[in-house]
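Summary of the model geometry
One-letter residues, chain by chain:
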Amino acid sequence: MQLIDTHVHVNFESFDADFDAVRDRWRSAGIVRLVHSCVRPEEFEKTRSIADLVPELSFAVGLHPLEAHRWTTQTASEIARLAQSDPRVAAIGETGLDFYKSDDVDRQREAFWEQLKIARQLDLAVIVHCRDAAADAADLLRKFWSENGPVRGVMHCWTGTPEETQWFLDLGFYISFSGVVTFKNAGSVRKSAILVPNDRLLVETDCPFLSPVPKRKEKRNEPAYVRYVAEYIAELRQTPVETLAAETTQNAVDCFNLNER
């Protein structure tokens, strides 16, 4: 059984001391590809150096909504330049809206909009972070679609309600679930995980965050643990985990054009 972890942050310092062991564990667990997300463009060089050592790693470049205070007129140009500098770049992001930890609404919307433009111009997927902002994000995406045309992408680490999930499915997005789906109080997330069609479902760890059950007590999450997410969702959806693994792997390839990376 093979899986793709569609959202990792293995450039974080918590992986520096034992990165080789972490890599060996994900390979032993059948994780054949990973998509490395980006919080700030400044992460690009370290991420690229990791990809030089790990051929199964594709990556993104973008600005996280909680970093939107860093956005300037030069940021968009820098993201576009970096995205075109390496064929392993599979996406723009992570971008999006986060009103849970920040009320910098206008700057977040500007950064999100401009990164959507880059993704469309370069025919790249967009990785969307959305927390306490589903209605605003859906409205912004609908407006962008009407003015510029669609962009393919993924709602990552999705925790929305079934109704909110449908908004983004209607926009053509993939929906990716993390270890949150295994948490005791995640009943609404589980309903969403059942709702998503087979051809729109993705799995991820968002490591080093959000370790899934049964690794919940471990402070650091890692890519090998995406198997627990896949197994849990397969049980929810009453489908063999091998089938879910094959479907989510193909969906990741399609979303991020991984056959070209």
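This text gives an overview of the structure that appears in the document.

Rules behind the numbers
Residues numbered from 1 in each chain as written. Predicted model: local features only at pLDDT ≥ 70, side-chain atom pairs only at ≥ 80, totals over all residues. Heavy atoms only, no water. Pairing = 2+ DSSP bridges. Helix = DSSP H or I, 4+ residues; strand = E, 2+ residues; numbered from the N terminus. Axes fitted to C-alpha atoms, helices over the stretch in contact; angles between N-to-C directions. Phe/Tyr/Trp six-rings, centres within 6.5 Å; stacked < 30°, edge-to-face > 60°. Buried < 20%, exposed > 50% of the residue type's maximum accessible area, 1.4 Å probe, protein only. Salt bridge = Lys/Arg side-chain N within 4 Å of Asp/Glu carboxyl O. Core = buried A, V, L, I, M, F, W, Y, C linked by side-chain atoms within 4.5 Å. Contact = heavy atoms within 4.5 Å.

Concerning the sheet that holds strand E3 (residues 57-61)
- If you walk across this open sheet you meet the eight strands as E1-E2-E3-E4-E5-E6-E7-E8, and the pairing is parallel. Of all strands in the sheet, those bounded by a partner on one side alone are strand E1 (3-8) and strand E8 (201-203). On average, adjacent strands in this sheet sit at an angle of 30° to one another, irrespective of strand direction.
- The sheet contact formed by strand E7 (residues 174-177) and E8 spans three bridges and is parallel.

Concerning the packing of aromatic side chains
- Applying the stated criterion across every chain yields a total of eight aromatic pairs.
- With a centroid separation of 5.9 Å and 80° between ring planes, the pair formed by phenylalanine 19 and tryptophan 26 is classed as edge-to-face. By the burial criterion, phenylalanine 19 is buried, and tryptophan 26 matches it.
- With 6.1 Å between their ring centres and 65° between their planes, phenylalanine 144 and tryptophan 145 make a pair best called edge-to-face. Residue phenylalanine 144 shares its accessibility class with tryptophan 145, and that shared class is buried.

Let's talk about the pattern of salt bridges
- What the rule picks out here adds up to 21 salt bridges.
- Salt-bridge contacts for aspartate 20 lead to arginine 23; the nearest nitrogen and oxygen are separated by 3.5 Å. Remark: arginine 23 and aspartate 20 occur in helix H1 (residues 19-28); sequence separation between them is three residues, near one turn of the helix.
- Classification of arginine 23 by relative accessible area gives buried; the value is 17%.
- A salt bridge links glutamate 67 to arginine 40; the nearest nitrogen and oxygen atoms lie 3.7 Å apart.

What about the nonpolar core?
- The biggest cluster of nonpolar side chains holds 76 residues, and the ones touching the most others in it are Trp26, Val61, Phe168, Phe173 and Phe177.
- Residue contributions to this core peak at seven residues, all from helix H5 (residues 134-148).
- Excluding its chain neighbours within four sequence positions, the residues that come into contact with tryptophan 26 are Val10, Phe19, Ile31, Leu34, Val54, Glu56, Pro223 and Ala224.
- Within the second largest apolar cluster, 15 residues are counted, among which are Ala60, Ala125, Tyr174 and Leu202.

Just geometry here; none of it tells us what the structure is for.
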